[in-house]
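Here is what each chain is made of, one letter per residue.
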Amino acid sequence: MSGPLIVLVGPMGVGKSTVGELLADRLGTGYRDTDADVVATAGKPIPEIFYDEGEEHFRELERRAVHTAVAEHTGVLSLGGGAVLDATTRELLAGRPVVYLSMEVEEAVKRVGLNTARPLLAVNPRRQWRELMDARRHLYTEVARVTVATDERTPEEVAQAVLDALELPERTDDPVAPGRENTRMTEQGLIRIPIAGSAGTDPYEVLVGRQLLGELPALIGDRAKRVAVLHPEALAETGEAVRQDLAAQGYEAIAIQLPNAEEAKTVEVAAYCWKALGQTGFTRTDVIVGVGGGATTDVAGFVAATWLRGVRWIAVPTTVLAMVDAAVGGKTGINTAEGKNLVGAFHPPAGVLCDLAALDSLPVNDYVSGMAEVIKAGFIADPAILDLVEADPEGARRPTGPHTAELIERAIRVKAEVVSSDLKESGLREILNYGHTLAHAIEKNERYKWRHGAAVSVGMVFAAELGRLAGRLDDATADRHRAVLESVGLPLTYRGDQWPKLLENMKVDKKSRGDLLRFIVLDGLGKPTVLEGPDPAVLLAAYGEVSA
């Protein structure tokens, strides 16, 4: 019987995609996901298909995708969680090497609680999970040749169990997929990055991996009675899922909804949060959890820093930008009419949970925007990041790319090393502002409608040209900025007629000293330095290189 070498079935969040890619690597074959086929056919994410056309329409698209994939694909194939509901699909799978990946309810809630792209688990994860499994468990068992439990197992261990159960030999020529040599994600399942305490602050950890919701109670601790979950409007379902899960753990959990993106970073929103904390009797032993992008974690940290002169908070970033930048280091703040982040405090979190599953449903432009901060880390400290992006620019544009985990880990480690040495930006930490002086001026000029990463991209090209014109940076490294940033789809230019306004904006930037403009430039790859008071003519010439 021709067809797939392995077919993976099981509930949403069980890890079919991660295990499937590992199996394909080990067997030297291709990987295919019918959910991805459905998205490609419909031209929209699965949640939008559910909401726009209904579940019945989605199931028909899914049925067609499964039948096509089984007929065409000869490698590892994973099916959507509900694919087995269709009787013709079950008939098609009869006699094939089908593996049912199973997990228990508590494990399931940990794994799916942070992923907004789960339309069937939108309100009460535990109850709805049980209902789904009651309807599907016997169907998974019916079609499967073997069942492999995934509870308390890493993806590597699950993949090995599948190979052992089906008695399939691994390839021996290249057991490690290119680009994964330095990634420990699939071997350990969880990466812990320590941030040292300084200036009276406690050390904490940044956790990177998947299925991390279960780590939250341990970070909150036993002393806290109340937990406030701050989330943006766009993540209302996710915020409520986290609140309900914490309530089930025994905490008095409330959810505070914030406006989306930069609209949340105002004194009015902060005051709204203070009022909610006051009305619920929030004490100094209670904890704030910020779930969302960089704007949300900025506000959550600022509210935590200012309530009762400082309460503990935990960052749960859901975007690339928030994971590698905003949620690490303790810089919190809000915007004013005069500029971005001019009101704030240094208030490190008690921990950061970077659940990569949260990136799966991120719009491509938001994902790419976050890559600007990753690439920045490559230029200022870790050139291996640039090598990974250049090796697969298209893969760097999506959360399912082969280097995603390693790129995010490396970028976080760059920032972790810097902030561990310099909490309050008195010295070394200033290098993290590479490209940000012009970027913040652009953001203010656009009334914060531009994505931060897009502005940083233009800012880095400007900084590279400034370094070149000042005689600091070689031509090859300056040109490499444009090539790498453009390869992932980030902008390189801004409106040429806006220079006078941008110059005025830069003069009130936090990095300025009095009237003296300061820029981070490079003396070479991985060698950031400060350029103070550059000649106005040089500044203008550098801006000319990024003018549209």
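Residues numbered from 1 in each chain as written. Predicted model: local features only at pLDDT ≥ 70, side-chain atom pairs only at ≥ 80, totals over all residues. Heavy atoms only, no water.

**So, the overall build of the protein**
The secondary structure content of the protein amounts to 23 helices and 16 strands. Across the 548 residues in the protein, those meeting the buried criterion constitute 57%. Contacts spanning at least 24 positions in sequence make up 74% of the contacts within the protein whose residues lie at least 6 apart. Carbon and sulfur atoms form 49% of the exposed surface of the protein, whose accessible area is close to 21,800 Å². (Helix = DSSP H or I, 4+ residues; strand = E, 2+ residues; numbered from the N terminus. Buried < 20%, exposed > 50% of the residue type's maximum accessible area, 1.4 Å probe, protein only. Contact = heavy atoms within 4.5 Å. Areas by Shrake-Rupley, 256 points an atom, 1.4 Å probe, with all protein chains shown as cover.)

**Observations regarding unusual backbone geometry**
Of note in the backbone geometry, Ala261 takes a positive phi value of approximately 55° without being a glycine. Phi angles above zero are rare outside glycine, and Arg447 is one such case at about 55°. One can find Arg447 in the loop between helix H19 (436-445) and helix H20 (452-469).

**Examining the packing of aromatic side chains**
For the coordinates displayed, the defined rule picks out six aromatic pairs. Residues Trp274 and Phe302 carry aromatic rings whose centres are separated by 6.4 Å and whose planes lie at 45° to one another, so their mutual orientation is tilted. Taken as a pair, Trp274 in helix H12 (residues 267-279) and Phe302 in helix H13 (residues 294-306) lie far apart in primary sequence, 28 residues in all. In textbook terms, an aromatic cluster arises when at least three aromatic residues are bridged by ring pairs, as seen for Phe462, Trp499, Phe519 and Tyr543. (Phe/Tyr/Trp six-rings, centres within 6.5 Å; stacked < 30°, edge-to-face > 60°.)

**What to know about helix H4 (residues 55-72)**
Look at H4: 25 Å from first C-alpha to last across 18 residues, which is about the 26 Å you get at 1.5 Å a residue. Here H4 has its buried residues at Phe58, Arg59, Leu61, Glu62, Ala65, Val66, Ala69 and Val70. Buried residues in H4, looked at end-on, bunch into an arc of 160°, giving them a common side. Opposite its buried face, H4 presents the exposed residues Glu56, Ala71 and Glu72, each directed more than 90 degrees away. (Expected span 1.5 Å × (residues − 1). Arc of directions from axis to C-beta.)

**What about the sheet that holds strand S3 (residues 76-78)?**
With respect to topology, five strands assemble into an open sheet ordered S2-S3-S1-S4-S5, the strand pairing being parallel. A single partner strand is all that each edge strand has here, and the edge strands are strand S2 (31-33) and strand S5 (146-149). Averaged over all pairs of adjacent strands, the angle between their axes in this sheet comes to 25°, without regard to strand direction. Relative to S5, helix H8 (residues 155-166) is tilted by about 160°, and along the sheet it contacts strand S1 (6-9), strand S4 (98-102) and S5. (Pairing = 2+ DSSP bridges. Axes fitted to C-alpha atoms, helices over the stretch in contact; angles between N-to-C directions.)

**Regarding the packing of helix H15 (residues 364-380) against helix H16 (residues 384-391)**
Any two packed helices are characterised by how steeply their axes cross, that is the angle between the axes, and by the distance between the axes. As a packed pair, H15 and H16 sit with axes 6 Å apart at the nearest point and diverge in direction by 130°. By the angle class used here, H15 and H16 are oblique. Contact residues: Met371, Val374, Ile375, Ala377, Gly378 and Phe379 in H15; Ile385, Leu386 and Val389 in H16. The residue makeup of the contact of H15 with H16, split by class, is eight nonpolar, one polar and no charged. (Parallel < 35°, antiparallel > 145°, perpendicular 65-115°, else oblique. Nonpolar A, V, L, I, M, F, W, Y, C, P; charged D, E, K, R; others polar.)

**Side note on the confidence of the model for the protein**
When the pLDDT values of the protein are averaged, the result is 86; 88% of them are 70 or greater. The model gives residues 112-123 a pLDDT under 50, and that stretch makes 41 contacts with residues more than four places away or in other chains. (pLDDT = per-residue confidence, 0-100.)

**Considering the pattern of salt bridges**
On inspection of all chains with the given rule, the structure shows 37 salt bridges. For Lys449, the salt bridge is made with Glu263, and the minimal N-O distance between the two is 3.9 Å. Residue Lys449 is located in the loop between H19 and H20, and its partner Glu263 is located in the loop between strand S9 (252-258) and H12; the two are separated by 186 residues in the primary sequence. Judged on exposure class, the residue Lys449 and its partner Glu263 are both exposed. One network of salt bridges, in which partners are shared, links Glu465, Arg468, Asp475, Asp479 and Arg482. (Salt bridge = Lys/Arg side-chain N within 4 Å of Asp/Glu carboxyl O.)

**Some points on the sheet that holds strand S11 (residues 312-317)**
Paired through their backbone hydrogen bonds, the strands of a sheet run either parallel or antiparallel. The sheet built from seven strands is open, its strands ordered S6-S7-S14-S11-S10-S8-S9 with mixed pairing. The sheet is open, and its two edges are formed by strand S6 (190-195) and S9, each paired on a single side. On average, adjacent strands in this sheet sit at an angle of 15° to one another, irrespective of strand direction. Pairing analysis gives two bridges linking S11 to strand S14 (residues 351-355), with the strands arranged parallel. Opposite Ile314, over in S14, you have Gly351 as the bridge partner.

**Examining the nonpolar core**
Counting 97 residues, the largest nonpolar core has Val206, Ile288, Ile375, Ile412, Tyr434 and Phe462 as the members making the most contacts within it. If near-sequence neighbours (up to four positions away) are discounted, Ile288 is found in contact with Ala228, Leu230, Leu277, Phe282, Ala300, Val303, Ala304, Val311, Arg312, Trp313 and Ile314. Core analysis: the second largest hydrophobic core is formed by 20 residues, Val19, Leu22, Ala161 and Leu163 among them. (Core = buried A, V, L, I, M, F, W, Y, C linked by side-chain atoms within 4.5 Å.)

**Re the pairing of strand S8 (residues 226-232)**
Counting buried residues along S8, seven of its seven residues qualify, which places the element largely inside the surrounding structure. Both faces of S8 are covered, namely the face carrying Arg226, Ala228, Leu230 and Pro232 and the face carrying Val227, Val229 and His231. Traced from S8 through helix H11 (residues 236-248) to S9, the parallel crossover comes out right-handed. (Right-handed = clockwise from strand over helix to strand, strands pointing away.)

**Concerning the pairing of S9**
Pairing of S8 with S9, which is carried by seven bridges, proceeds in the parallel orientation. Its bridge partner lying in S9, His231 is registered against Gln257.

**Observations concerning the environment of Gln211**
Within the element layout of this structure, Gln211 appears in the loop between strand S7 (204-209) and helix H10 (216-220). In this structure the C-alpha to C-alpha distance between Gln211 and Leu353, which are 142 residues apart in sequence, comes to 10.0 Å.

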